[in-house]
Structure formats: structure tokens, C-alpha cells
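So the chains spell out like this:
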Amino acid sequence: MKLYNTLSRTIEEFVPLNDKKVNMYTCGPTVYREIHIGNLRTYITSDILVRTLKAQGYDVTSVMNITDVGHFRFSSDINKVIDPVMQEAKETGKSPLEISRKYTDIFLKDAKKVGIIPADFYPRATDHIGDMIELIEVLLEKGFAYIAEGNVYFDVKKFKDYGKLSGNTLDKMESLMEAVRVSVETDKNDSADFALWKKAEPDRVMKWDSPWGQGVPGWHIECSAMAQKTLQMLTLDIHTGGEDLIFPHHEDEIAQSEAASGQPFVKHWTHTNFLLVDSEKMSRSKRYVYTVEDLEKKKFSPLAFRYLTFMTHYRSKMNFTWEGLEAAQSALDKLYETAASLPNPQGGVLKFEAKFEDALNNDLNMPQAVSVLWEMVRSKNPKGQIAASLYKMDEVLGLSIKDKALELVNIPQGVLEMVSERVKLRRDRKYNAADLIRAKIERMGYVLEDTKDSSRILRKI
Ligand code: AMP
Ligand code: ZN
């Protein structure tokens, strides 16, 4: 399988470290609000990667962390650096735990709705504080970190490979730091250094004891510790995330992990480009931040969004529009209806299965994979073979084609009897009576397609 690697900046043949085993880590959500469709785009890419590897016989272990503390961000609303989970708790009068549990549950449900296979492990940052402290202690011991007034910082200058992922090497850092600095950390030796441990602010509810006093871990150290601990490996096969995480988050994950272990942290980095809405960056103030709930409110199925993401290669920017989603929904409905009309699966159309696999092996070329699917569906091959290959392809696509097709053809006995009665009336040329039954059937939520001397019935989508 050929897959672009952000680290080497080339498309490489993907070869796991350990024969057929693949260890994969994805940076999960910060759980203080519903995730949006941009987050989902990135998670869908990871899901397609997992499904493709599984379809090719790899034994994949996937981990996605849940960031329930420590992801400090600049809030333009209040012009301050905040921990968003804590902030949400404060604003709603709930505990940080209530907030993180609530949004973790919603996240897992939303991910399921867009067809994402659950990860094997979802480590929560708050359950791994001890592992983070241990890792920070190793970095202090090895001289890669220093303590300043209850904070611990990573000494970027000590790690000579800094910048290898993002290209933001130390010589370029001065100007870059202005752009990424999230707080005025005046006690740092160098502006490029980043926090491994932060001293608790006086009014902080959620904090932990450490050798350096009460505080919270930095966001980057969370991922390094949780990835290595959960996968029980110092070197991971694949690490994924959105492209905004390349710098500083993933650059810093590499620095900490490699400084501590002396081993490469990740073999293969996969980053998904951003989703834009109406060609603009999603922004809460412009109400452009759409969630699964927003899609459902407008009567779209979340799987139509999944299908829509396939229309753009994961390394290109994707532009979301409601018209685009409408077209994706129609195409998906058409696919379900076609599947519902197919006989039982038998054999397969190997030529198309091979072309489909080639598309996936070509750096997850989903637009190409979907076009192969339609080419096959429209081909003149035996219908049972088409059905078999379609369901096989759907193991990677994750569009629930078989289930939806079964739902469409699962018609109650009473309705089937009305259909037979109508077929009889038509044969007897009693068209008025037949039309009355058709209207009744349609009011009950079904559609009829008349053939020369029979009738096909489906549930209305
Ligand atoms: P966050 O909760 O902000 O850390 O984001 C979770 C994941 O979604 C990260 O991998 C981000 O890189 C990714 N992400 C955030 N916004 C977008 C977007 N507009 N398009 C694609 N991925 C995004
Ligand atoms: Zn991460």
C-alpha cells in the first residue's frame, strides 16, 4: 500500500514494523463541546485507513485518546488562555468530569453515526497523569527538561532533530513562535520551549500532585505518554490527525518521545487537510461550525456526510456546502436503492475489486474508489456478482449498504398483499382502483415501481 508520509514528505510503500501487526494512534477530541464536521473528516480518514489495512489482512490495534484536561487554548471571546473543559464547567455550573463525560458520549455516538469503527482503546488523559509524570521525570533526568517556578519545560535546543516533521527547525523558530505562543510564559529559557507540566492556577479545581507541586500536564505530553503506554510500544507504525496538529503538537510529541526513549517515535505520519465551509475556515462567531445534529436537523443522514468526504482526496482541502451534501445524499440513496434491487450475493467481479483495491493502495484515493464502485454497479456483470463485490467494498467504505438495502426491501405482509392486489387489478385493466391502492401504499411510506406485469416496492428513503 502506498501512503503519503508527512515525515518524509513522500508517498511511501507502507511497511509495518512487525510483519502483519499495525499499531496506530489518532489524536482524539478535546471533550468540551460537540465535535464538528471538520473533526469528523479527519477521523473518517483514520477510519478508512484502519478499514483498508484490515481488509488487506493486517491486524490493526487502534488507539484514540480523549483529551479531558490540559489542552490550553486562546479564547478570543474572553481574550485569555483557558483550559476549555474547565471553562465550560465553570460557565455551566457543572463539574469538569460531567462535562468531559457528556461530550465523550456525544462524540462516540456521532462517530458511530458516520460509520467510524470504534478504536480498540480510548485512553482518557485524566487516567494517565502518573504515566505523564513518569515521562517528564525521564526527560528531566536526561537533561531535556527544566523546572521553573512549579512549571516544567522541554528544552527544545537540546533536541537536535527538532523540526523534522514540520520543517520548523530551530533556526526558524524565533519568528514562528510569535504565531503559536498560547500564553505568556515568562519563566521559559527560550520562547520555543514548551510546557510539559503547568503549575495550577490558584482557582483551579482539577489538579494533581507532582514532584514539582500541584499542576496539570501539557497537552503534548499527554499524547506521547498515552500512545506509548496503551500500545506498549516506543515506536508506533502510524500516527494520524488533522494537518493543524503537525506543528507544534506532533513536532513536540516527537521531541519528547524520542528524547526520552532514544527510539524513533512514529514510522508513518498521516495528516488530513482541513474542511472548509463555503470556502471559509469554520468559525463559531460566523455560525459556520456544523455538527452531526445540524445535519440531522436538516434531514440528512450522517452517512451522506461520510460519502461526501470521499469526493475529495484527504490531502486536499475539502469545501463543505449544503448543495454538495444534497448531491451526496441523492447518490447514496441511489446506491441503497440499487443494492435493494440486487439478488443474493454470489461470487464477485474480481476485475472491479482489484481496481477498487488499487485506488485505496494509491494513497487512499477515495474519489477513484467511489468511481470504480459506480462503474461496477452500472456494468453488465451478473447482478449477484455485483452484489457480492459491492458488499465487500463496503467493508472499507462503511456506508452500511447491506443493512440499508435490507431495510428497503423489508416490507410488512399487509403491504405486500396490497401490492399483489394492485398487480391483479392492473392486469384486469381496473386502473382507477389500482391507482387508489397506489396512493394508499405511498401514504404509508413506500414507493412503487411498475414493471410490465409486476410491481417493485421499496420503503421511501
Ligand atoms: P481538536 O478537538 O480541536 O483537537 O480537533 C480534533 C481533530 O480534528 C484534530 O485532529 C484536528 O486536527 C482535527 N480538525 C480540527 N478542525 C478541523 C477541520 N476544519 N478540518 C479537518 N480536521 C480538523
Ligand atoms: Zn495528540
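For the structure, see preceding data.
All values reported here derive from a predicted model rather than from experimental measurement.

Draft legend 1. Spotlight on the site of ligand 1. In the region of ligand 1, 17 residues are neighbours, and Thr42, Arg73, Gly242, Asp244 and Leu275 sit closest. In this structure, Gly38 approaches ligand 1 through a main-chain N or O atom, which is 3.0 Å from a nitrogen atom. The contact in question runs from a nitrogen atom of ligand 1 to an N or O atom on the side chain of Thr42, over 2.7 Å. Burial of ligand 1 by the protein chains amounts to 92% of its free accessible area of 490 Å². Residue assignment for the shell around ligand 1 shows that the elements contributing at least two residues are helix H1 (37-55) and strand E11 (236-242).

Draft legend 2. Representation of the nonpolar core within the structure. By size, the foremost hydrophobic cluster in this structure holds 85 residues, and its most contacted members are Leu53, Phe305, Phe320, Leu325, Leu335, Leu390 and Leu399. Among the elements that line this core, the one with the most residues is helix H10 (residues 322-340), at nine residues. Two domains share this core, each providing at least three of its residues, namely domain 1 (2-272) and domain 2 (277-409). The contact partners of Leu325, leaving out residues within four places of it in the chain, are Leu295, Phe300, Ala304, Phe305, Leu308 and Phe320. Counting residues in each nonpolar core, the second largest holds 47 residues, with Tyr25, Tyr162, Cys223 and Met226 among its members.

Draft legend 3. The arrangement of the coordination of the zinc ion (ligand 2) in detail. Those donors, Cys27 (SG), Cys223 (SG), His249 (NE2) and Glu253 (OE), are the protein atoms that reach the zinc ion (ligand 2), and they lie 2.0 to 2.8 Å from it. Relative to the metal, the four donor atoms surrounding the zinc ion (ligand 2) lie at angles of 71 to 131 degrees, and the coordination shape comes out irregular. Read from N- to C-terminus, the donor residues coordinating the zinc ion (ligand 2) fall into the pattern C-x195-C-x25-H-x3-E. Of this pair, Cys223 sits in helix H6 (residues 219-231) while Glu253 is found in helix H7 (residues 246-261), placing the two residues 30 residues apart along the sequence. No difference in accessibility class separates Cys223 from Glu253, as the two residues are buried.

Draft legend 4. View of the sheet that holds strand E3 (residues 21-26). Here we have four strands laid out as an open sheet, ordered E4-E3-E11-E12, and parallel in their pairing. Because the sheet does not close on itself, it has two edges, and the strands there are strand E4 (59-64) and strand E12 (266-272). Taking the axes of each pair of neighbouring strands and ignoring which way they run, one obtains an average angle of 20 degrees across the sheet. Strands in contact with H7 are E11 and E12; relative to E12, the strand with the most contacts, it is inclined by about 170 degrees.

Draft legend 5. The pattern of salt bridges, seen in detail. Tallied over the entire structure, the rule returns 24 salt bridges. Between Lys160 and Asp161 there is a salt bridge whose closest N-O contact spans 4.0 Å. The partner of Glu442 in a salt bridge is Arg438, and the shortest N-O contact between them spans 3.1 Å. Linking Glu442 with Arg438, this pair stays in helix H16 (residues 431-443), spanning four residues, or about one helical turn. Overall, the relative accessible area of 22% leaves Arg438 in the partly exposed class.

Draft legend 6. Molecular detail of the environment of Val277. Along the chain, the position of Val277 falls in strand E13 (residues 275-277). Classification of Val277 as buried rests on a relative accessible area of 1%. Once the C-alpha coordinates of Val277 and Trp322 are considered, the two residues, 45 residues apart in sequence, prove to be 9.2 Å apart. Residues in contact with Val277, not counting those within four places in the same chain, are Met282, Tyr288, Tyr290, Asn319 and Phe320.

Draft legend 7. Representation of the packing of aromatic side chains within the structure. The final tally for this structure, using the stated rule, is twelve aromatic pairs. Aromatic pair Phe144 and Phe154: ring centres 6.2 Å apart, planes at 10 degrees, arrangement stacked. With Phe144 in the loop between helix H4 (129-141) and strand E7 (145-148) and Phe154 in strand E8 (residues 151-154), this residue pair connects regions lying ten residues apart in the sequence. An identical accessibility class is assigned to Phe144 and Phe154; each is buried. The interplanar angle of 55 degrees and the centroid separation of 6.3 Å between the aromatic rings of Phe305 and Phe320 together place this pair among those described as tilted.

Calculation notes
- Sequence positions are assigned chain by chain, starting from 1 and proceeding in written order.
- The order in which chains are written sets their letters, starting at A; the order in which ligands are written sets their numbers, starting at 1.
- Residue-level local features of this predicted model are given only where pLDDT is at least 70; pairs of side-chain atoms are given and counted only at 80 or more, and the full residue set underlies all totals for whole chains, interfaces and linings.
- With hydrogens and water excluded, all non-hydrogen atoms of the structure serve as input to the side-chain values.
- Near residues are defined by distance, with any heavy atom within 4 Å of the molecule or strand qualifying the residue.
- Definition of a polar contact: a pair of N or O atoms within 3.5 Å, with one able to donate and the other able to accept a hydrogen when the atoms are protein atoms, and with sequence-neighbouring residues admitted only if both atoms are side-chain atoms.
- Every accessible area reported is derived by Shrake-Rupley at a probe size of 1.4 Å, with residue values counting cover from the shown protein chains alone.
- A helix here means a DSSP run of H or I that spans at least four residues, while a strand means a run of E at least two residues long, and both kinds are numbered starting from the N terminus.
- Nine residue types can take part in a nonpolar core, namely buried Ala, Val, Leu, Ile, Met, Phe, Trp, Tyr and Cys, and a core is a set of them joined through side-chain atoms within 4.5 Å.
- For every residue, the accessible area (1.4 Å probe, protein chains only) is compared with the maximum for its type, and the residue is labelled buried under 20%, exposed over 50%, or partly exposed between those bounds.
- Domain delimitation follows an automatic or database domain assignment.
- Any pair of residues with heavy atoms lying within 4.5 Å of one another is described as a contacting pair.
- Metal coordination here is assigned from N, O and S atoms located within 2.8 Å of the ion, or within 3.2 Å for Na, K and Ca; omission of water means that sites may look incomplete.
- In short, tetrahedral needs four donors with all angles between 85 and 135 degrees, square planar needs four and octahedral six donors with opposite donors over 155 degrees apart and all other angles between 65 and 115, and whatever is left is irregular.
- For two strands to be treated as a pair, DSSP must find no fewer than two bridges joining them.
- Fitting a line to C-alpha atoms yields each axis, with helices limited to the stretch in contact; the angle taken between N-to-C directions then spans 0 to 180 degrees.
- Here, a salt bridge means any side-chain nitrogen of Lys or Arg that lies within 4 Å of a carboxyl oxygen of Asp or Glu.
- Two rings from Phe, Tyr or Trp (for Trp, the six-membered ring) form a pair when their centres are within 6.5 Å of each other. A pair whose planes differ by under 30 degrees is stacked, one over 60 is edge-to-face, and the rest are tilted.

Any link to function would need more than the numbers given here.
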